[in-house]
Amino acid sequence: MQGTVRFSMSVWAAVALGAAALAGCSAKSEAPRVVAASEVAAGRYLVTIGGCNDCHTQGWNTSGGKLPEGQWLTGTKVGWQGPWGVTYPQNLRLTAAKMTEAEFVHMLHTRTDRPPMPWMNLNRMNEADAKAIYVFLRSLGPAGEAMPAGTAPGEAVTTPVIPVEPPTPPSTRAANETKVAK
Ligand code: HEC
């Protein structure tokens, strides 16, 4: 009898451990995912709808999104400037070319560093979707050149930059301060 009790307790312990392990690694496989005819099609859809080209493709917005896939995601040399320094949307075709699928997926799920890269959103992406983005990038193949690595706060830059904190004209600043004070 005692043996039975001990046995069932260890079974429960195993079940609990298994559930904890699953909870840790399955959150991203239970998240909603894109269903498409192929992984490449899913990846193409995800980068388009996910807005990756908006930052990572030079001229995407000004062309109204009418650029051939050969130019997609090769990075931009216009930096984003804020309290973190300056960051450049990297050439994702080269990034994918030098990483394994597992490394790429791990990066999308774990990196939390500098803005305006929306890591906090990509951290929640379904694993299958993250893989599809990698497969799409690899299908495009490497192209273009490496982008600048970025600079620390206050460091001089030689490229154009987009200031992320908009300057507030003095006339509106006074009005805003009054509103906040009330
Ligand atoms: C608002 C602009 C913006 C958007 C939108 C954006 N990114 Fe980025 N991304 C950046 C910037 C800037 C960096 C560089 C960050 C740094 O240097 O720390 C970056 C870096 C990355 C990196 C790291 C590359 C490397 O080699 O280190 C990956 C991967 C990436 N982005 C993927 C994506 C994907 C996939 C999407 C779409 C789902 C996306 N990004 C959307 C701005 C953006």
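Above this note sits the structure.
Keep in mind it's a predicted model, so treat the numbers as computed, not measured.

K.L.:
Please explain the overall build of the protein as it appears in this structure.
P.N.:
Broken down by element type, the protein carries 8 helices and 3 strands. Ordered by position in the sequence, the α and β elements of the protein form the string α-α-α-β-β-α-α-α-α-β-α. Burial status across the protein gives 23% buried among its 182 residues. For the protein, long-range pairs separated by at least 24 residues make up 67% of all intrachain contacts whose partners lie at least 6 apart in sequence.

K.L.:
Is there a simple way to think about the packing of helix H5 (residues 101-110) against helix H7 (residues 127-140) in this case?
P.N.:
When two helices pack together, their arrangement is given by the angle between their axes and by how far apart the axes lie. Running from N to C, H5 and H7 cross one another at 120°; their axes reach a closest spacing of 9 Å. Put simply, H5 runs oblique to H7. Both H5 and H7 take part in a crossing whose hand is right-handed. In this structure, H5 contributes Glu-101, Phe-104, Val-105, Leu-108 and His-109 to the contact, and H7 contributes Glu-127, Ala-130, Lys-131 and Tyr-134. Its residues placed into classes, the contact of H5 with H7 shows 5 nonpolar, 1 polar and 3 charged.

K.L.:
Before we go on, may I ask you to explain the environment of Ala-42 in this structure?
P.N.:
In this structure, Ala-42 sits in helix H2 (residues 39-49). Taking the C-alpha atoms as reference, Ala-42 lies 9.8 Å from Ala-130; in sequence the two are 88 residues apart. Leave out the neighbours within four places in its chain, and Ala-42 touches Val-34, Ala-36, Asp-129 and Ala-132.

K.L.:
What's the story with the pairing of strand E1 (residues 79-82) in this structure? I'm lost.
P.N.:
Regular strands place their side chains on alternate faces of the sheet. Relative to strand E3 (residues 161-163), E1 is paired through 3 bridges, and the arrangement is parallel. Within E3, the residue paired with Gln-81 across the bridge is Pro-163.

K.L.:
Teacher, can you tell me more about the site of the ligand here?
P.N.:
Near the ligand lie 23 residues; those nearest to it are Gly-50, Cys-52, Cys-55, Arg-114 and Met-117. At the level of secondary structure, the elements contributing two or more residues to the shell around the ligand comprise helix H3 (52-56) and helix H4 (92-97). Considering each element in turn, the shell around the ligand owes the most residues, 4 residues, to H3. Of the residues belonging to the shell around the ligand, the class tally is 13 nonpolar, 7 polar and 3 charged.

K.L.:
Help me understand H5, please; the structure alone is not making it clear to me.
P.N.:
Along an α-helix, residues three or four positions apart point the same way, because every turn accommodates 3.6 residues. Taken residue by residue, H5 has Phe-104, Val-105 and Leu-108 as its buried positions. Buried residues of H5, viewed axially, fall in a sector of 95°; they line one side. Pointing more than 90 degrees away from the buried face of H5 are the exposed residues Ala-102, Glu-103 and Thr-110. Elements that come into contact with the buried residues of H5 comprise H4, helix H6 (119-122) and H7.

K.L.:
Where do I start with the nonpolar core in this structure?
P.N.:
For soluble globular proteins, the rule of thumb is that nonpolar side chains tend to be buried together. By size, the foremost hydrophobic cluster in this structure holds 19 residues, and its most contacted members are Val-47, Leu-73, Ala-130, Ile-133, Tyr-134, Phe-136 and Leu-137. Counting only elements with at least two residues in this core, the list comes to H2, H4, H5 and H7. With 7 residues, the top contributor of residues to this core is H7. The contacts of Leu-137, once residues within four sequence positions are left out, are Leu-73, Leu-92, Arg-93 and Ala-96.

K.L.:
Looking at this structure, I do not really get the packing of H2 against H7. What am I missing?
P.N.:
As a packed pair, H2 and H7 sit with axes 7 Å apart at the nearest point and diverge in direction by 100°. With respect to each other, H2 and H7 are oriented roughly perpendicular. Together, Glu-39, Val-40, Ala-42, Gly-43, Arg-44, Leu-46 and Val-47 of H2 and Asp-129, Lys-131, Ala-132, Ile-133, Val-135, Phe-136 and Ser-139 of H7 make up the contact between the two elements. Among the residues forming the contact of H2 with H7, the class breakdown is 8 nonpolar, 2 polar and 4 charged.

K.L.:
Sorry, what's going on with the sheet that holds E3 here?
P.N.:
Backbone-to-backbone hydrogen bonds pair the strands of a sheet. The strands run either parallel or antiparallel. Taken in spatial order, the 3 strands of this open sheet run E2-E1-E3, and their pairing is mixed. The open sheet terminates on both sides in strands that have one partner only, identified here as strand E2 (85-87) and E3. The mean inter-strand angle of the sheet, taken between neighbouring strand axes irrespective of direction, is 30°.

The rules behind each value
- Residues numbered from 1 in each chain as written.
- Predicted model: local features only at pLDDT ≥ 70, side-chain atom pairs only at ≥ 80, totals over all residues.
- Helix = DSSP H or I, 4+ residues; strand = E, 2+ residues; numbered from the N terminus.
- Buried ≥ 20, exposed ≤ 12 C-beta atoms within 10 Å, placed from the backbone.
- Contact = placed C-beta atoms within 7 Å.
- Axes fitted to C-alpha atoms, helices over the stretch in contact; angles between N-to-C directions.
- Parallel < 35°, antiparallel > 145°, perpendicular 65-115°, else oblique.
- Left-handed = near helix turned anticlockwise from the far one by under 90°.
- Nonpolar A, V, L, I, M, F, W, Y, C, P; charged D, E, K, R; others polar.
- Pairing = 2+ DSSP bridges.
- Near = placed C-beta within 6 Å.
- Arc of directions from axis to C-beta.
- Core = buried A, V, L, I, M, F, W, Y, C linked by C-beta atoms within 7 Å.

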